[in-house]
Amino acid sequence: MKFIRVNMSDKSSAVSEVPEQYLGLGGRGLTSTMINAEVPPTCDPLGPDNKLIIAPGVLSGTTLVNTSRVSIGAKSPLTGTIKESNAGGTTGATLGHLGITAIIIEGQAGDGELFILKIDGQGEASLIPANEYQGMRTYALTEKLLEIYGQKNSVLIIGPAGEYQLASASIQASDVDGRPCRAAGRGGLGAVMGSKGIKAIVIDREGKDTDAVADPEAFKAAAKDFAQAIKEHPMTGQMLPALGTAGLVAPVNSMGAFPSLNATNGVMTGWEKISGEALAELIAKRGGNPSHLGCSQCIVRCSNEFVDAEGQFVTSSLEYETIWSMGGMTGIDDLDTIARLDRLCDDIGVDTMNIGVGVGVAMDAGKINFGDGAGAIDMVDQIGQGTDFGKVLGNGPDAVGQLLNHKRIPTVKGQSIAAYDPRGMQGNAVTYATSPMGADHTAGNVLGEYVSGALDPLKADGQVEASRNTQIAMAAVDCTGLCLLASFPLTTPEGGGAFLKVMNAKFGIQLGPDDIPAMGIRVLKEELDFNQKAGFTNKDDRLPEFFYNEPLPPHNKTVLISDDDMDGALKF
Amino acid sequence: MKVRVKLFGPLPQTIPGYNSRNGLEINIPDGVTINDLFARLEIQEPEGYMVAMNNMVIKPTDIIKKGSVLSILPRIAGG
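Draft legend 1. View of the layout of surface pockets. Considering only enclosed or pocket space, the largest pocket measures out at about 1300 Å³ in volume. Of all the secondary structure elements, the ones that give two or more residues to the lining of the largest pocket are α7 (234-243), α17 (447-451), α18 (463-477), α19 (493-507) and α20 (515-533) of chain A. The element best represented in the lining of the largest pocket is α18 of chain A, accounting for 8 residues. The volume enclosed by the second largest pocket comes to roughly 860 Å³. In terms of lining residues, the second largest pocket is bounded by 28 residues, among which Glu272, Glu277, Ala278 and Glu281 of chain A together with Ser20 of chain B are the most central. Looking at the lining of the second largest pocket, the elements that each hand over two or more residues are α7 and α9 (276-285) of chain A together with β1 (2-7) of chain B. With 6 residues, the single largest contributor to the lining of the second largest pocket is α9 of chain A. Class assignment for the residues of the lining of the second largest pocket results in 13 nonpolar, 6 polar and 9 charged.

Set out below in structure tokens:
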């Protein structure tokens, strides 16, 4: 259980035991608690006082399936709030195997200085000058780094966007195949990494220093039961392996809540061409892999390997949110173009969601036409080239809207909404407005309540409570390193029971069902506290005006949640 | 009365000759509910599916309207 602190101002690093005040924390619980404790809330996110904290979950590195998520936290240059963004691939498990609880990057390198941070098999850190890699896109550099340091490494890497310190810059993470196609996408953490002077972090995957499990026998038995629950749940056992998250295109359009053409319609004309069904069929026909293993110890296999008409690899994994942002919001109904845009974003190192929405805003403003695939590809490529427009697009939809004097900009606190229109899913309106992270879907997606028929998505009733409960649940899950998708079985008695037993066996404690939400509330309180000190008030917990004034076809609803009700969502 | 039914997930494979572009056009009596439709289409485990009628999520006991487009989808949520 160690911390590695790296100071980029004097290029020193130090390994220590985890300080007492942070014991028992992991993932988002650790990053948010530390950011709130150690980062001045009014600091410049791209300055020396911000910290970039990389933390696996408390279960990462154990033998439990689907626990290889890594949380990355900082003050966000996009939103100005606290931010946690998590990524899949191999990094979470890798850090767990090294017994590393967090890597904390502090200070700032000098102008023009660029480094690789290397963590070896003993968990020792070193900084290696990397100026020769300046400007390199992530795929080429990841390949090079794995050649130099060996294939058995996890890589966290920024592309040109992070080096330009653009507010939508991502930190890409390598998957099981060594491709930088997983992402800590949201919130501009790639810009923070770039501002510190780090181009990539290369971490040895062969650590043998996993934290001890308190009761190994009980852990093994409970882990087996949890894996069973995953296999038996229809979502994780059947749908996700078959269609991936792209399987959401059909239900969300069928509900009239798929924000299309810059959120002017809830159904996209031609959505069937870019659905999960269409994607799986196309990939299979071309000899790609529609049920690809992307992350360590995953038994869901929601990932895919998209190939072109000649069977050549294009991108992995093409997800629902990217299909929405690059297809729904832009009117591009061609999977090849969308796949290419996904690859471009991963290569340049930007959040596909913020960028797709930015392109949608640009189209709505008339810069290019909706549906212009070649035009969209050119715009996104400009981010990598560092043109003036490219930098604006890389800074997010607010920047695009300001440049083009356009008023319909679907963001909250600078971060774009996700693939669920708040007018068509009123609970997601609450999450977008009130999440400490800005408009966010993984923070608290209420979709499940609508799909099960428990709640009416078009009425205000019950939405605040549903959003609150799911935000609390997700904050807890985000501490563990467990993949969001593998958290669905937690709602069944078998899955929920097995998970509690896993946690208790790991730590030698006796958590009950109420302790999990308590963990989530603790995390949210830290985040809300930071944001308040950073200057945010309830006035910032509102959606853009057009969501309240422009009815969304086909249901023609606006956001129905009152300001007072929004303010009650996260009152603890 | 005629309605159009679109199927998703594993369902298309259960209907020989199902065309995903057009879906299934079927003739049903007035007053038929979603539950009745599941039985008619021989859908196993209907609780595993969500139904949208003209872009609204509806309950299994709801009555189907004339000329509707119905989508039968596996219950799925994600990110």
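Draft legend 2. The arrangement of the interface of chain A and chain B in detail. Tallying the contact residues gives 32 residues for chain A and 18 residues for chain B. Buried surface at the junction of chain A and chain B, summed over both partners, amounts to about 2000 Å²; 69% is from carbon and sulfur atoms. When the buried area of chain A at its contact with chain B is split by residue, Met239, Ser254 and Val451 of chain A rank highest and sum to 28% of it. Linking Glu272 of chain A and Lys6 of chain B is a salt bridge whose minimum nitrogen-to-oxygen distance equals 3.2 Å. Counting the contacts that link chain A with chain B gives 5 residue pairs in polar contact (both at pLDDT 80 or more). Its residues assigned to classes, the side of chain A that touches chain B shows 18 nonpolar, 11 polar and 3 charged.

Draft legend 3. Layout of the pattern of salt bridges. All names here are of chain A. For the coordinates displayed, the defined rule picks out 26 salt bridges over all chains. Put simply, Glu106 and Arg5 hold a salt bridge, and the shortest N to O gap is 2.6 Å. Separated by 101 residues along the polypeptide, Glu106 in strand β6 (residues 100-106) and Arg5 in strand β1 (residues 2-7) bring together distant segments of the chain. Of the residues examined, Arg5 reaches a relative accessible area of 24% and is grouped as partly exposed. For Glu550, the salt bridge goes to Arg408, with nearest N and O atoms at 2.9 Å.

Draft legend 4. Structural view of the sheet that holds strand β15 (residues 313-315) of chain A. Residue and element names in this part refer to chain A. Strand order in the open sheet formed by 3 strands is β13-β14-β15, and the pairing between neighbours is antiparallel. Looking at strand neighbours, the two that pair on one side only are β13 (289-292) and β15, the edges of this open sheet. In this sheet, neighbouring strand axes are inclined to one another by 40° on average, regardless of whether the strands run parallel or antiparallel. As defined by bridge partners, strand β14 (residues 303-307) adjoins β15 across 2 bridges and the pair is classed as antiparallel. Counted as the bridge partner of Phe306 is Thr315 from β15.

Draft legend 5. Spatial organisation of the sheet that holds β6 of chain A. All names here are of chain A. Taking strand neighbours across the sheet as the criterion, the 6 strands line up as β2-β1-β6-β3-β4-β5 in an open arrangement whose pairing is mixed. In this open sheet, the two edge strands, each paired with only one partner strand, are β2 (12-17) and β5 (82-87). Within the sheet, the average angular offset between the axes of one strand and its neighbour, ignoring direction, is 15°. Direction of pairing for strand β3 (residues 52-56) relative to β6: antiparallel, over a ladder of 3 bridges. Note on β6: the bridge partner recorded for Leu52 is Ile105. With respect to the sheet, helix α5 (residues 189-196) is in contact with β3, β4 (70-75), β5 and β6, its orientation differing from that of β4 by roughly 70°.

Draft legend 6. Geometry of the packing of helix α6 (residues 216-232) of chain A against α19 of chain A. Residue and element names in this part refer to chain A. At a closest axis distance of 8 Å, the pairing of α6 and α19 adopts a crossing angle of 155°. Taken together, the axes of α6 and α19 are roughly antiparallel relative to one another. Relative to α19, α6 is oriented so that their crossing is left-handed. Between α6, through Ala218, Phe219, Ala222, Ala223, Asp225, Phe226 and Ala229, and α19, the contact on the second element is made entirely by Gly495, Ala498, Phe499, Lys501, Val502, Ala505 and Lys506. Here the residues of the contact of α6 with α19 sort into 10 nonpolar, 1 polar and 3 charged.

Draft legend 7. Geometry of unusual backbone geometry. With an omega dihedral of -15°, the bond running from Ser316 of chain A to Ser317 of chain A counts as a cis peptide bond. With respect to the helices, strands and loops of the structure, Ser317 of chain A is situated in the loop between β15 and α10 (320-328). Residue Pro554 of chain A is reached from Pro553 of chain A by a cis peptide bond, and omega for that bond is 5°. Within the fold, Pro554 of chain A resides in the loop between α21 (546-549) and α22 (563-568). The phi angle at Glu45 of chain B is positive, at roughly 50°, despite the residue not being glycine. When you line up the elements, Glu45 of chain B lands in the loop between α1 (34-40) and β3 (49-53).

Draft legend 8. Structural detail: the side chain of Thr315 of chain A. Note on placement: Thr315 of chain A falls in strand β15. A distance of 2.8 Å separates the side chain of Thr315 of chain A from the side chain of Asp342 of chain A, its partner in a polar contact.

Draft legend 9. The environment of Val155 of chain A, seen in detail. Residue placement: Val155 of chain A occurs in strand β9 (residues 153-157). Not counting the four nearest positions on each side in its chain, Val155 of chain A is found in contact with Thr91, Thr142, Leu145, Leu146, Gln172, Ala173, Ser174 and Ile201 of chain A.

Draft legend 10. Inspection of the packing of aromatic side chains at higher detail. Residues and elements named next belong to chain A. This model, assessed by the stated rule, comprises 7 aromatic pairs over all chains. An aromatic cluster of three or more residues is present, and its members are Phe258, Tyr320 and Tyr420. In this structure, Arg179 packs its charged tip against the face of Phe313, placed 3.6 Å from the ring centre. Sitting over the ring of Phe389, Lys367 keeps its end group 4.6 Å from the ring centre.

Draft legend 11. Inspection of the packing of helix α11 (residues 335-348) of chain A against helix α13 (residues 373-385) of chain A at higher detail. Residue and element names in this part refer to chain A. Between α11 and α13, the least distance of the axes is 10 Å, while the angle of their chain directions is 5°. On the basis of their axis angle, the class for α11 and α13 is roughly parallel. When α11 is examined against α13, the residues Thr337, Arg340, Leu341, Leu344, Cys345 and Ile348 are found in contact with a partner set consisting of Gly373, Ala376, Ile377, Val380, Asp381, Ile383 and Gly384. For the contact of α11 with α13, the class distribution of residues is 8 nonpolar, 3 polar and 2 charged.

Draft legend 12. Quick look at the state of the cysteines. All names here are of chain A. Taken as a whole and judged by the stated rule, the model has 0 disulfides over all chains. Free cysteine: Cys181, not disulfide-bonded; nearest cysteine sulfur from Cys295 at 8.3 Å. By relative accessible area, which is 6% here, Cys181 ends up buried. Free of any disulfide, Cys298 has its nearest cysteine sulfur in Cys295, 6.0 Å distant.

Parameters at a glance
- Throughout, a residue's number is its position along its own chain's written sequence, starting from 1.
- As a convention, the first chain written is A and the first ligand written is 1, with the rest following in written order.
- Note on the predicted model: pLDDT of at least 70 is required for a residue's local features to be given, and 80 or more for side-chain atom pairs to be given and counted; whole-chain, interface and lining totals, by contrast, use all residues.
- With hydrogens and water set aside, each side-chain value is computed from the structure's full complement of heavy atoms.
- With a 1 Å grid laid over protein atoms only, a set of points is called a cavity when a 1.4 Å probe fits there but cannot get out and a pocket when it is open yet has protein on both sides within 12 Å along at least five of seven lines; lining residues have an atom within 4 Å of a point.
- Grid points are joined across faces, edges and corners, and a volume is the space filled by probe spheres set on the points.
- Secondary structure follows DSSP: runs of H or I at least 4 residues long count as helices, runs of E at least 2 residues long count as strands, and numbering of each begins at the N terminus.
- Residue classes follow a fixed rule: Ala, Val, Leu, Ile, Met, Phe, Trp, Tyr, Cys and Pro count as nonpolar, while Asp, Glu, Lys and Arg count as charged, and any other residue, Gly among them, counts as polar.
- In this analysis, two residues are considered to be in contact whenever any of their non-hydrogen atoms come within 4.5 Å of each other.
- Joining two parts hides part of their accessible area as seen by a 1.4 Å probe, and the buried area is that hidden amount summed over both.
- In what follows, salt bridge is the name for a side-chain nitrogen of Lys or Arg lying within 4 Å of a carboxyl oxygen of Asp or Glu.
- Pairs of N or O atoms within 3.5 Å make up the polar contacts considered here, provided that, within protein, one atom can donate a hydrogen while the other can accept it, and that residues adjacent in sequence are counted only when both atoms are side-chain atoms.
- Working definition: with a 1.4 Å probe on protein chains only, accessible area under 20% of the residue-type maximum means buried, over 50% means exposed, and in between means partly exposed.
- For two strands to count as paired, DSSP must find a minimum of two bridges between them.
- Angular values range over 0 to 180 degrees, each being the angle between N-to-C directions of two axes fitted as lines to C-alpha atoms, with helices fitted over their stretch in contact.
- Our angle categories are set so that under 35 degrees counts as roughly parallel, over 145 as roughly antiparallel, 65 to 115 as roughly perpendicular, and the remainder as oblique.
- Here is the rule for handedness: rotate from the far helix to the near one, and if that takes an anticlockwise turn smaller than a right angle the crossing is left-handed, while a clockwise turn gives right-handed.
- The criterion for an aromatic pair is that two Phe, Tyr or Trp rings (for Trp, the six-membered ring) have centres within 6.5 Å, with stacked assigned to planes under 30 degrees apart, edge-to-face to planes over 60 apart and tilted to the rest.
- For a lysine, the NZ atom is tested; for an arginine, the CZ atom; a charge sits over a ring if that atom is within 6 Å of the ring centre and within 35 degrees of the ring normal.
- By disulfide we mean two sulfur atoms from cysteines, separated by a distance within 2.5 Å.

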